[in-house]
Amino acid sequence: MTDGDPRGPSVRRIPEGDNRERMICAECGFVLYDNPKIVVGSVTRWGERILLCRRSINPRRGFWTLPAGYLELNESTSAGAEREAWEEAQARIQIEGLLAIYDIPRISQVQLIYRARLLDEAVAAGPESLEVRLFGWDEIPWDDLAFPSVRWALHHDKEALVTGDLTTRCAPPDPTAGIGE
């Protein structure tokens, strides 16, 4: 192969038997199936307080988020959420159930956010966090949350606690439904 050699998936077209354009290798016909990323994480509680991590990486460095990140190959979604809590906050957690599934097509993500509880109050910033902290509802830095889905998950978690309805959520909550900030 020389510089400028177009080998590999370099042509966009609809493969035979498919219904959408994909990147295809013009020489061998290999089809690159570029699929959405799966994000796993948790709204993790210690009593009435919620664990948040201040990001040390981009995107949104310096903003607060839930312990969450990309699912690894050969990993279950709940194990991924537990791993992310450990990596980002040195937090040992117990998964209690699936809180929400957020489909975010504009960034090609599917997010699975669990309800969890801390097994120990001791938390510390991991390499992807500047700091970690447990917040009461009225202390959450709403204007400094990293992503809309963090806000959605926090509201969904509060809604589940208030109503006792632990049904998995799947769309952004209605902020006018009485659970407000």
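1. Section: the overall build of the chain
- When helices and strands are tallied, the chain shows two helices and ten strands.
- The order of α-helices and β-strands along the chain, N terminus first, is β-β-β-β-β-β-β-α-β-β-β-α.
- In terms of overall dimensions, the chain has C-alpha extents of about 60 × 35 × 30 Å along its principal axes.
- Of the accessible surface of the chain, which amounts to about 10400 Å², a share of 50% is contributed by carbon and sulfur atoms.
- In the chain, which carries 21 positive and 29 negative side-chain charges, the distance between the mean positions of the two groups comes to 1 Å.

2. Some words on the nonpolar core
- Judged by nonpolar contacts, the single largest core of 18 residues is most densely connected at Val43, Leu66, Ile140, Leu145 and Leu154.
- Elements with a contribution of two residues or more to this core: β5 (49-55), β8 (93-104) and α2 (148-163).
- With four residues, the single largest contributor to this core is β8.
- Contacts of Leu66, omitting those with residues within four sequence positions, involve Ser42, Val43, Leu51, Leu52, Glu88, Ile113, Val150, Ala153 and Leu154.
- Judged by nonpolar contacts, the second largest core, of 15 residues, contains Ala81, Ala85, Leu112 and Val132.

3. Description of the packing of aromatic side chains
- Evaluated as defined, the whole model comprises three aromatic pairs.
- Residues Trp64 and Phe135 carry aromatic rings whose centres are separated by 5.0 Å and whose planes lie at 85° to one another, so their mutual orientation is edge-to-face. One end of the pair, Trp64, is in strand β6 (residues 64-65); the other, Phe135, is in strand β10 (residues 129-135), with 71 residues separating them in the sequence. As far as the burial class goes, Trp64 and Phe135 line up, both buried.
- Judged by centre distance (4.9 Å) and plane angle (65°), the rings of Trp137 and Trp142 are edge-to-face.
- For the cation-ring pair, Lys37 lies above Tyr70, with the distance from its terminal atom to the ring centre recorded as 5.9 Å.
- For Arg60, the ring lying beneath its charged end belongs to Phe63, and the centroid distance is 3.8 Å.

4. Examining the pattern of salt bridges
- Counted under the stated rule, the structure contains ten salt bridges.
- As a salt-bridge pair, Glu159 and Arg169 come within 3.0 Å of each other at their nearest N and O atoms. Pair noted here: Glu159 is in helix α2 and Arg169 is in the segment after α2, with a separation of ten residues, a long-range link.
- One network of salt bridges, with partners in common, ties together Glu75, Arg83, Glu84 and Glu87.

5. Digging into the sheet that holds strand β3 (residues 31-32)
- Read from one edge of the open sheet, three strands run β1-β2-β3, paired in antiparallel fashion. Whereas interior strands pair on both sides, the edge strands pair on one side only; in this sheet they are β1 (9-13) and β3.
- Across two bridges, strand β2 (residues 22-25) lies against β3 in antiparallel orientation. Bridge assignment links Met23 to a residue of β3, and that residue is Leu32.

So, how was this worked out
- Residues numbered from 1 in each chain as written.
- Predicted model: local features only at pLDDT ≥ 70, side-chain atom pairs only at ≥ 80, totals over all residues.
- Heavy atoms only, no water.
- Helix = DSSP H or I, 4+ residues; strand = E, 2+ residues; numbered from the N terminus.
- Areas by Shrake-Rupley, 256 points an atom, 1.4 Å probe, with all protein chains shown as cover.
- Lys, Arg positive; Asp, Glu negative; His and termini not counted.
- Charge placed at Lys NZ, Arg CZ, Asp CG, Glu CD.
- Core = buried A, V, L, I, M, F, W, Y, C linked by side-chain atoms within 4.5 Å.
- Buried < 20%, exposed > 50% of the residue type's maximum accessible area, 1.4 Å probe, protein only.
- Contact = heavy atoms within 4.5 Å.
- Phe/Tyr/Trp six-rings, centres within 6.5 Å; stacked < 30°, edge-to-face > 60°.
- Lys NZ or Arg CZ within 6 Å of the ring centre and 35° of its normal.
- Salt bridge = Lys/Arg side-chain N within 4 Å of Asp/Glu carboxyl O.
- Pairing = 2+ DSSP bridges.

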